[in-house]
Amino acid sequence: MFKRFRRLRTTPTLRNLVRETRLHTADFIAPLFVRQEGKSAPIASMPGVLQMDLEDLLKECTLLQNLGIKAVLLFGLPSHKDSTGSSALKDDHIVATATRAIKENFPDLCVVADLCFCEYTDHGHCGILKNGVLDNDATLEILAKQALILVQSGVDMIAPSSMLDGMVAALRQALDSNGFSHLPIMSYSTKFASSYYGPFREAANSAPSFGDRKAYQMDFSNRFEAILESLEDEVQGADILMVKPALAYLDIIRDIKERTLLPLAIYNVSGEYSMFKLAQAHNLMDYNNLVLETMTAFKRAGADMIISYHAKEVAELLQKGF
């Protein structure tokens, strides 16, 4: 006698009834790029994604909300850069400005602010340099200042992405002592030094002018260190953990999910998106099903929320009953 597994695969209705992992529009966070000056411009390496001016940003929020996407992750493109990222420490911070505009028009949309300095420094590294090396503790001080500017503008959650030691503890202390103990932190807790970020460098104008970020982002060879990084951020007070990138790190997503009760986000990054768009342009695969299969794999591996440039496409597919 043997088990006939195919009995439950014979019709679409049966397959749907026994489906273990389901995608929902509410699972998704849409990453958006907003620029301080100039008109919206396409990102050549990421078809369908724009660096947006405020007017187009608000139009995009309308589309997202109509599709049922309830959260956005904002990245800022400032008009001025210098060695210390000083434009991120001013009240007219482009993400703060964008947040105020979004909240005025879409009060129920959850605004998450990426918190880093790579977009704001002229050298492209994630904070203050000392003798050409990122100064961890000096950067923690200005990271906390930037966080306070952002939350004062109406941001619902901050997402520190620089992989600095002690960043979550420093931010939790700064928020709590300034009346923002209710504001959650979604930490980029396990972020690898990855080639999958290539197109993002163009999107955010944030490529390092020298060297790389391997001294602070993680070695992609290290499984146990990856787990430790996230568990340490949990101890320091993170409310949501994250694995970035996603596609090549499903094992790490599962490893961390099995060791924490916190919600876990994954970032389906620019390089992953661009590869799929290239496959679509050349008719290499069934694009819609490829996207849905991959998003389902992220969730099956343990992701509770998915940050993805595909968010709008997935919402449209789900509305159509895919």
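Rules behind the numbers
- Residues numbered from 1 in each chain as written.
- Predicted model: local features only at pLDDT ≥ 70, side-chain atom pairs only at ≥ 80, totals over all residues.
- Heavy atoms only, no water.
- UniProt positions renumbered as here; feature names shortened; annotations may be inferred.
- Helix = DSSP H or I, 4+ residues; strand = E, 2+ residues; numbered from the N terminus.
- Rg over C-alpha atoms; globule rule 2.2 N^0.38 Å.
- Buried < 20%, exposed > 50% of the residue type's maximum accessible area, 1.4 Å probe, protein only.
- Axes fitted to C-alpha atoms, helices over the stretch in contact; angles between N-to-C directions.
- Parallel < 35°, antiparallel > 145°, perpendicular 65-115°, else oblique.
- Contact = heavy atoms within 4.5 Å.
- Nonpolar A, V, L, I, M, F, W, Y, C, P; charged D, E, K, R; others polar.
- Pairing = 2+ DSSP bridges.
- Salt bridge = Lys/Arg side-chain N within 4 Å of Asp/Glu carboxyl O.
- 1 Å grid on protein atoms, 1.4 Å probe; cavity = no way out; pocket = protein on both sides within 12 Å on 5 of 7 lines; lining within 4 Å.
- Points joined across faces, edges and corners; volume = space filled by probe spheres on them.
- Core = buried A, V, L, I, M, F, W, Y, C linked by side-chain atoms within 4.5 Å.
- Phe/Tyr/Trp six-rings, centres within 6.5 Å; stacked < 30°, edge-to-face > 60°.
- Lys NZ or Arg CZ within 6 Å of the ring centre and 35° of its normal.
- Expected span 1.5 Å × (residues − 1).

If you look the chain up in an unreviewed UniProt entry, it shows as Delta-aminolevulinic acid dehydratase from Helicobacter gastrofelis. The Sequence similarities (unreviewed entry) comment attached to the chain in UniProt states, word for word, "Belongs to the ALAD family." Regarding the chain, the relevant UniProt record gives this comment under Catalytic activity (unreviewed entry): "2 5-aminolevulinate = porphobilinogen + 2 H2O + H(+)".

Next up on the list: the overall build of the chain. Across its full length, the chain carries eleven helices and twelve strands. Its C-alpha radius of gyration of 20 Å places the chain within 12% of the 20 Å reference for a compact globule of 322 residues. Reported as C-alpha extents along the three principal axes, the dimensions of the chain are approximately 70 × 45 × 40 Å. The buried share of the chain, reckoned over its 322 residues, is 53%.

One way to put it is that helix 10 (residues 287-301) packs onto helix 11 (residues 311-319) with a least axis distance of 11 Å and a crossing angle of 105°. Relative to helix 11, the element helix 10 lies roughly perpendicular. Every residue of helix 11 that contacts helix 10 at Tyr-287, Asn-288, Val-291, Leu-292 and Met-295 is listed here: Glu-313, Val-314 and Leu-317. A breakdown of the residues in the contact of helix 10 with helix 11 according to their chemical character gives six nonpolar, one polar and one charged.

For the rest of this paragraph, the subject is the pairing of strand 4 (residues 71-77). Within a regular strand, the side chains alternate between the two sheet faces. Judged by how many residues are buried, strand 4 sits mostly within the fold: seven of seven residues are covered. Where strand 1 (residues 28-35) and strand 4 come together, six bridges link them in parallel fashion. The residue of strand 4 that forms the bridge with Arg-35 is Leu-77. Of the pairings in the sheet, the one linking strand 4 to strand 5 (residues 110-115) comprises four bridges and is parallel in character. Each residue of the ladder has a partner; that of Ala-71, found in strand 5, is Cys-110.

What follows is about the pattern of salt bridges. Across all of its chains, the model carries eleven salt bridges by this definition. Overlapping salt bridges, with partners in common, bring together Glu-55, Asp-56 and Lys-59 in one network.

Inspection of every chain in the model, using the stated rule, returns one cavity of 30 Å³ or more. Empty space within the largest cavity amounts to approximately 100 Å³. Per-class residue counts for the lining of the largest cavity are six nonpolar, three polar and six charged.

If you look at soluble globular proteins, the nonpolar side chains tend to sit buried side by side. With 81 residues, the main nonpolar core has Leu-74, Ile-102, Ile-158 and Val-243 as its most contacted residues. Here the element with the most residues in this core is helix 4 (residues 136-152); it accounts for eight residues. Not counting residues within four places of it along the chain, the set of residues in contact with Ile-102 comprises Leu-57, Leu-58, Cys-61, Leu-74, Pro-107, Leu-109 and Val-111.

As a further point, take the packing of aromatic side chains. A complete count under the given rule lists eight aromatic pairs for this structure. Taking the centre distance of 6.1 Å and the plane angle of 5° together, the rings of Phe-33 and Tyr-309 count as stacked. On the criterion of sequence distance, the pair formed by Phe-33 in strand 1 and Tyr-309 in the loop between strand 12 (305-308) and helix 11 is long-range, its members being 276 residues apart. Considered together, Phe-33 and Tyr-309 belong to a single accessibility category, that of buried residues. Counting every residue linked through ring pairs, the aromatic cluster contains Phe-33, Phe-75, Tyr-188, Phe-200, Tyr-267, Tyr-273 and Tyr-309. The ring of Tyr-197 is capped by Lys-191, whose NZ or CZ atom sits 6.0 Å from the centre of that ring. Its end group placed over the ring of Phe-200, Lys-244 keeps NZ or CZ at 5.4 Å from the ring centre.

Take helix 9 (residues 270-281) next. An ideal rise of 1.5 Å per residue puts 16 Å on twelve residues; helix 9 measures up with 16 Å between its terminal C-alpha atoms. Among all positions in helix 9, only Ser-270, Gly-271, Glu-272, Tyr-273, Ser-274, Phe-276, Lys-277 and Ala-279 are buried. Just downstream of helix 9 lies Asn-283, where phi reads positive at about 55°.

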